[in-house]
Amino acid sequence: MSLTQNAARVVDEHRYGIRPNFAQFSHQLVQVFFVGLTIGMFRTVVPALAETEFGVAKGSFMMLMAFVTAFGFVKGTLNFVAGRLSERIGRKKVLFLGWLAAVPIPFMILYAPSWGWIVAATVLLGVNQGLAWSMTQTSKLDLTSADQRGLTIGLNEFAGYFGVAVAGIVTGYLATAYGPREGLLIFGLVVVGLAGLLTLLWVKDTLPWAHAEGKKHAAGLMTGPKPRYPNNISDTPGTWEVFTLMSWRDARMASISQAGLVEKFVDALVWVFFPVYLYQHGLSLAGIGWVVGIYGFVWGISQFFTGHWSDRVGRKKPIVAGMWLCGAGVALVLLGEGELWWSFAAAVMGFGMALLYPTLSAAVSDIAHPNWRGSAIGIYRFWRDLGYGIGALLLGAVAALAGGIEAGFWFTAAAMFVSGLVVLLACEETHPRLNPDAD
């Protein structure tokens, strides 16, 4: 049997698109919702009560940011590992390993005698998020067609960040009703246990779909506009080759990676400084949950539309607009007072994130060959989530030098503007329909 005939047979066995794979696609959406719930339980109660419940001294900005720093470096590294590992052992096994890592987290919060235990719990959270969230995204991209990548990423991030927002609100109420530690224990056990069980029962491995797509490319069976894949990389590259391509050898990939890193400064700020800022200004835990939740809700729900929109208008414009709009929302927090104003600023930040977040991942997918797409996504997510750690360190340092967390807001807004400018100047359009390869 010829290569072309064999590829055609393999491709026929693996249909692509959301509709033909709707059941598995839906299971993966449920999984990323649970992944969002898991990180969301750290978003309201833990930072707001760092001083009173977990012993962080007032004004200890670097200590306050320590748990996000640990989370960022661990999650970034595990994103890198997950991409390569999933190409060897499959997506499902990596996903389940992510849920196993999360099992001790609720108990660590319950029994934490000091802030150090919370930092240790976020190390495990970083392992969970790096393995599990990466696999939900990669698996969906395996199943769908090239013209649905923006929609696919949008749906994935919509489900995940909707989960983050829901968890922030629900844990605020549970902490009020049962106490902060007990409320997080109940929430965490239900989420992690149910997610692991669903992974074992219903999730299928999607690596065979990626292998079939690679054979389709090799046999010349692709139809439609040809993507502008990088030329300076081998057909089956090693880890270092993909890493250097993503980090500096390809201007498009490098500009996307730096934008992903910088936008996480916003999430680090919203995770820690935003709840503390609101708490210092008199909001209750439930009120903080709603304001921070609005950021997550707008981000999550809007991605349902913005990801699909980028399939039509391209990736570059939404990325640049999103970086600048999100930065403007951060600045708006300090320019007014009251729950309504802060909710508006949170919504602006959320919509900016919705424009840029799924579009950055879709841009990587546009120009990453299926033979090494899992690695490319993992390395992009490595740089992106390293932004949690780098951003937390920088925000803590800026706040310490300035003597207040307000300086962190201004620093983040400026960083977002500069990063958006880098994308505008250094990155060409990646969508194959709007900028196809001429060869």
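Residues numbered from 1 in each chain as written. Predicted model: local features only at pLDDT ≥ 70, side-chain atom pairs only at ≥ 80, totals over all residues. Heavy atoms only, no water.

**Quick look at helix 17 (residues 339-367)**
Applied cut-off: In this description a helix means any DSSP run of H or I spanning at least four residues, a strand means any run of E spanning at least two, and both kinds are numbered starting from the N terminus. What a helix is expected to span follows from its residue count: subtract one and scale by 1.5 Å. Two axes enter the definition of the bend at a residue: one is fitted to the seven residues ending there, the other to the seven starting there, and the bend is the angle between them. We call a residue buried when its accessible area falls under 20% of the maximum for its residue type, exposed when it is over 50%, and partly exposed in between, using a 1.4 Å probe and counting protein chains only.
With 29 residues, helix 17 should reach 42 Å at 1.5 Å per residue; the first-to-last C-alpha distance of 43 Å fits that figure. In helix 17, a bend of some 25 degrees at Met 353 exceeds every other bend along the element. With 23 of its 29 residues buried, helix 17 lies for the most part within the structure.

**Details of the packing of aromatic side chains**
Let me state the cut-off plainly: Ring pairs shown here join Phe, Tyr and Trp side chains whose ring centres sit within 6.5 Å, with only the six-membered ring taken for Trp; geometry is labelled stacked below 30 degrees between planes, edge-to-face above 60, and tilted in between.
Evaluated as defined, the whole model comprises 26 aromatic pairs. Ring geometry for Phe 80 and Phe 243: centres 5.9 Å apart, planes at 75 degrees, overall edge-to-face. Note that Phe 80 is positioned in helix 6 (residues 66-89) and Phe 243 in helix 13 (residues 239-249), a separation of 163 residues in sequence. Under the relative-accessibility criterion, Phe 243 is labelled buried at 14%. Through pairs of rings, three or more aromatic residues link up here, namely Phe 80, Trp 240, Phe 243, Trp 248, Phe 382 and Trp 383.

**Concerning the nonpolar core**
What counts, and what does not: Here the nonpolar core consists of buried residues drawn from Ala, Val, Leu, Ile, Met, Phe, Trp, Tyr and Cys, with membership extended through side-chain atoms lying within 4.5 Å. The contact criterion used throughout is that any non-hydrogen atoms of two residues lie within 4.5 Å.
If you look at the biggest cluster of nonpolar residues, it comprises 119 residues, and the most contacted ones within it are Phe 42, Phe 67, Trp 271, Phe 273, Phe 274 and Met 349. Of the residues forming this core, the biggest block, 17 residues, is contributed by helix 14 (residues 251-280). Those residues within four positions of Phe 42 in sequence are excluded, and the remaining contacts are Pro 47, Phe 67, Ile 105, Ile 109, Ala 121, Thr 122, Leu 125 and Trp 271.

**With respect to the state of the cysteines**
This is how it is decided: Counting rule for disulfides: a pair of cysteine sulfur atoms within 2.5 Å.
Within this structure, the stated rule accounts for zero disulfides. Cys 326 takes part in no disulfide bond, and the closest cysteine sulfur to it belongs to Cys 427, at a distance of 18 Å. Look at Cys 326 and you get buried, because its relative accessible area is 0%. When its relative accessible area of 6% is taken as the criterion, Cys 427 is described as buried.

**Description of empty space enclosed by the protein**
Selection criterion: Cavity means a closed set of points on a 1 Å grid over the protein atoms alone, one where a 1.4 Å probe fits but cannot get out, pocket means an open set with protein on both sides within 12 Å along at least 5 of 7 lines, and lining means a residue has an atom within 4 Å of a point. Grid points are joined across faces, edges and corners, and a volume is the space filled by probe spheres set on the points. Put simply, Ala, Val, Leu, Ile, Met, Phe, Trp, Tyr, Cys and Pro go in the nonpolar bin, Asp, Glu, Lys and Arg in the charged bin, and everything else, Gly too, in the polar bin.
Counted according to the given criterion, the structure contains one cavity of 30 Å³ or more. Within this model, the largest cavity holds a volume of roughly 80 Å³. Arg 43, Thr 44, Tyr 161, Val 164, Ala 165, Gly 168, Asp 267, Val 292, Gly 293, Tyr 295, Gly 296 and Trp 299 are the residues that line the largest cavity. Of all the secondary-structure elements, those providing two or more residues to the lining of the largest cavity are helix 10 (149-178) and helix 15 (285-313). A total of five residues in the lining of the largest cavity trace back to one element, the largest contributor, which is helix 15. Grouping the amino acids of the lining of the largest cavity by side-chain chemistry returns six nonpolar, four polar and two charged.

**Side note on a nonpolar patch on the surface**
The criterion, for reference: Think of a patch as exposed residues, more than 30% relative accessible area, with no salt bridge, where like charges cluster within 9 Å and nonpolar side chains (Val, Leu, Ile, Met, Phe, Trp, Tyr) cluster within 5 Å. Each accessible area is a Shrake-Rupley result for a 1.4 Å probe, and residues are judged covered by the shown protein chains and nothing else. Salt bridges are defined by distance alone: a side-chain nitrogen of Lys or Arg within 4 Å of a carboxyl oxygen of Asp or Glu.
Together, Trp 324, Phe 417, Val 418, Leu 421, Val 422, Leu 424 and Leu 425 make up an exposed nonpolar region whose accessible area comes to about 620 Å². For the nonpolar patch, the leading source of residues is helix 19 (residues 406-426), giving six residues. Positionally, Leu 424 belongs in helix 19. For Leu 424, a relative accessible area of 37% gives the class partly exposed.

**Looking at the side chain of Ser 361**
Relative to the helices and strands, Ser 361 resides in helix 17. Judged by relative accessible area, Ser 361 falls into the buried class, the value being 2%.

**Brief notes about the packing of helix 13 against helix 14**
Under the convention used in this document: Think of each axis as a best-fit line through the C-alpha atoms, taken over the contacting stretch in the case of a helix, with angles from 0 to 180 degrees between the N-to-C directions. Here the word oblique covers every angle except those under 35 degrees (roughly parallel), over 145 (roughly antiparallel) and from 65 to 115 (roughly perpendicular).
Put simply, helix 13 and helix 14 touch, their axes get as near as 6 Å, and they point 80 degrees apart. By the angle between their axes, helix 13 is roughly perpendicular relative to helix 14. Residues Leu 245, Met 246, Ser 247, Trp 248 and Arg 249 of helix 13 pack against Ala 251, Met 253, Ala 254 and Ser 257 of helix 14.

**Some details on the pattern of salt bridges**
Here the structure, examined in full by the defined rule, presents nine salt bridges. Where Glu 428 meets Arg 252, a salt bridge forms, and the shortest distance between an N and an O atom there is 3.6 Å. Linking Glu 428 in the segment after helix 19 with Arg 252 in helix 14, this pair joins segments that are 176 residues apart in sequence. A salt bridge links Arg 315 to Asp 366; the nearest nitrogen and oxygen atoms lie 2.7 Å apart. Of this pair, Arg 315 sits in the loop between helix 15 and helix 16 (316-333) while Asp 366 sits in helix 17, and the two are 51 residues apart along the sequence. According to the relative accessible area criterion, Asp 366 is buried, its value standing at 0%. A single salt-bridge network, built from bridges that share partners, covers Lys 75, Arg 384 and Asp 385.

**Let's talk about the environment of Gly 396**
Among the secondary structure elements, Gly 396 is positioned in helix 18 (residues 373-402). Overall, Gly 396 belongs to the buried group, its relative accessible area being 0%. Along the primary structure Gly 396 and Val 418 are separated by 22 residues, whereas in three dimensions their C-alpha atoms are 20 Å apart. Not counting chain neighbours up to four residues away, the residues in contact with Gly 396 comprise Phe 61, Met 62, Met 65 and Phe 273.

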